[in-house]
Amino acid sequence: MCPREPIDAPEAPLIGIDRHRMGTDGQGVTTLVGFHGCPLHCRYCLNNHCHDPRKVWRRATPGQLLQWVAQDNLYFLATGGGIAFGGGEPLLHSRFIEQFCAIKAPQWRITLETSLHVPREALERVVPHVNYYSVDIKDTNPAIYHRYTQCSHGPVMENLQWLLRQDGMAGRVVVRLPHIPRYNTQADVDRSRRVLQDMGVQRFDEFHYLTALCRP
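These remarks concern the structure in this document. (Residues numbered from 1 in each chain as written. Predicted model: local features only at pLDDT ≥ 70, side-chain atom pairs only at ≥ 80, totals over all residues. Heavy atoms only, no water.)

**Some points on helix H5 (residues 142-149)**
Taken as a whole, H5 has its buried residues at Ile-144, Tyr-145, Tyr-148 and Thr-149. One side of H5 holds all its buried residues, which, seen down the axis, span an arc of 105°. The distance from a side-chain oxygen at the start of H5 to the backbone nitrogen of Ala-143 is 2.8 Å, and the residue carrying that oxygen is Asn-141. Of the residues trailing H5, Gln-150 is marked for its positive phi of about 65°. (Buried < 20%, exposed > 50% of the residue type's maximum accessible area, 1.4 Å probe, protein only. Helix = DSSP H or I, 4+ residues; strand = E, 2+ residues; numbered from the N terminus. Arc of directions from axis to C-beta. Polar contact = N/O pair within 3.5 Å; in protein donor to acceptor, adjacent residues only side chain to side chain.)

Laid out in structure tokens, this is it:
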């Protein structure tokens, strides 16, 4: 048993840990922790193995994860970095994230890469602990979103609206706006930006999916 870890600590399935990342997950040096499992089924998903139960890299409790990532503590402290939780959908493991944040070094910054396609209580659980959010919105057009993800965009928009209403949150949320070949156009992306700006989003990451990876 790891120090300070509750007896009933949750165990989460992981697809991998990527150390020494710079400039991709917020400030400083970060370690990306990828969770297995996602509610979406995106056509061009880069981590589609997160849906395959045979592709779980390993399972860990918060204390075990802390032991693995703490080797880079000096990098985190020197650069203002920390841990980025991605996946998959990390908010499917919100209790795990909550307990990890209770035992980590308080100086570590936490970044959450999420689709927000989760029940509200999962988001509420982690808000006190997360410093930055990278929200992958896909597209605000419900038809485009459904065609690309096979899911409704209703929970995403509702959770984003709730998140933006929290004090000081607007400057801590970056919304990703992808150009998705054969799914949306520049006009669609521009429309999404206007809709999101009206909601209070201030920071965007607009980018193009690599067409070589986007086969029909």
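Moving on from the coordinates now.
**Let's talk about the sheet that holds strand S1 (residues 12-22)**
Pairing is mixed in the open sheet, where 8 strands are placed in the order S3-S1-S2-S4-S5-S6-S7-S8. In the strand order of this sheet, the two ends are held by strand S3 (58-60) and strand S8 (203-208), each with one partner. Each adjacent strand pair in this sheet contributes to an overall mean axis angle of 30°, direction not counted. Sheet topology note: the strand S5 (residues 109-114)/strand S6 (residues 132-136) ladder contains 4 bridges and is parallel. Within the sheet, the bridge partner assigned to Thr-111 lies in S6 and is Tyr-132. (Pairing = 2+ DSSP bridges. Axes fitted to C-alpha atoms, helices over the stretch in contact; angles between N-to-C directions.)

**Digging into the packing of aromatic side chains**
Under the criterion given, the structure shown has 12 aromatic pairs. Judged by centre distance (6.1 Å) and plane angle (65°), the rings of Trp-57 and Trp-68 are edge-to-face. Of this pair, Trp-57 sits in the loop between strand S2 (29-35) and S3 while Trp-68 is found in helix H1 (residues 62-69), placing the two residues 11 residues apart along the sequence. The class for Trp-68 is partly exposed, based on a relative accessible area of 26%. (Phe/Tyr/Trp six-rings, centres within 6.5 Å; stacked < 30°, edge-to-face > 60°.)

**Some thoughts on H1**
Buried residues of H1: Pro-62, Gly-63, Leu-65, Leu-66 and Val-69, and no others. Looking straight down H1, one finds its buried side chains confined to an arc of 160°; they lie on one side. In this structure, the buried side of H1 is in contact with S1, S2, S3, helix H2 (73-79), strand S4 (82-86) and helix H3 (94-103). (Contact = heavy atoms within 4.5 Å.)

**As for the pattern of salt bridges**
Taken as a whole, this structure holds 10 salt bridges when the rule is applied. Arg-176 is the salt-bridge partner of Asp-136, the closest N and O atoms lying 3.7 Å from each other. A residue pair is termed long-range when its members are at least 10 positions apart, and Asp-136 in strand S6 and Arg-176 in strand S7 (residues 173-179) qualify at 40 residues. (Salt bridge = Lys/Arg side-chain N within 4 Å of Asp/Glu carboxyl O.)

**Side note on the packing of H1 against H3**
The interhelical angle for the contact between H1 and H3, taken along N-to-C directions, is 55°, at an axis separation of 9 Å. Between H1 and H3, the angle falls in the class oblique. Viewed along their axes, H1 and H3 form a crossing whose handedness is right-handed. In this structure, H1 uses Pro-62, Gly-63, Leu-65, Leu-66 and Val-69 to contact H3, whose residues at the interface are Phe-96, Gln-99, Phe-100 and Ile-103. (Parallel < 35°, antiparallel > 145°, perpendicular 65-115°, else oblique. Left-handed = near helix turned anticlockwise from the far one by under 90°.)

**So, the layout of surface pockets**
The computed volume of the largest pocket comes to approximately 1200 Å³. As for the largest pocket, its lining consists of 45 residues, and the residues nearest its centre are Asn-47, Gly-87, Glu-113, Asp-136 and Arg-176. Broken down by secondary-structure element, the contributors of at least two residues to the lining of the largest pocket are S1, S2, S5, S6, S7 and S8. With 5 residues, the single largest contributor to the lining of the largest pocket is S1. Grouping the amino acids of the lining of the largest pocket by side-chain chemistry returns 19 nonpolar, 15 polar and 11 charged. (1 Å grid on protein atoms, 1.4 Å probe; cavity = no way out; pocket = protein on both sides within 12 Å on 5 of 7 lines; lining within 4 Å. Points joined across faces, edges and corners; volume = space filled by probe spheres on them. Nonpolar A, V, L, I, M, F, W, Y, C, P; charged D, E, K, R; others polar.)

**A look at the environment of Pro-10**
Tracing the backbone shows Pro-10 in the segment before S1. Owing to a relative accessible area of 13%, Pro-10 belongs among the buried residues under this scheme. A C-alpha to C-alpha distance of 9.8 Å links Pro-10 and Phe-100, two positions 90 residues apart in sequence. The residues touching Pro-10, leaving out its near neighbours within four places in the chain, are Ala-60, Thr-61, Pro-62, Arg-95, Phe-96 and Gln-99.

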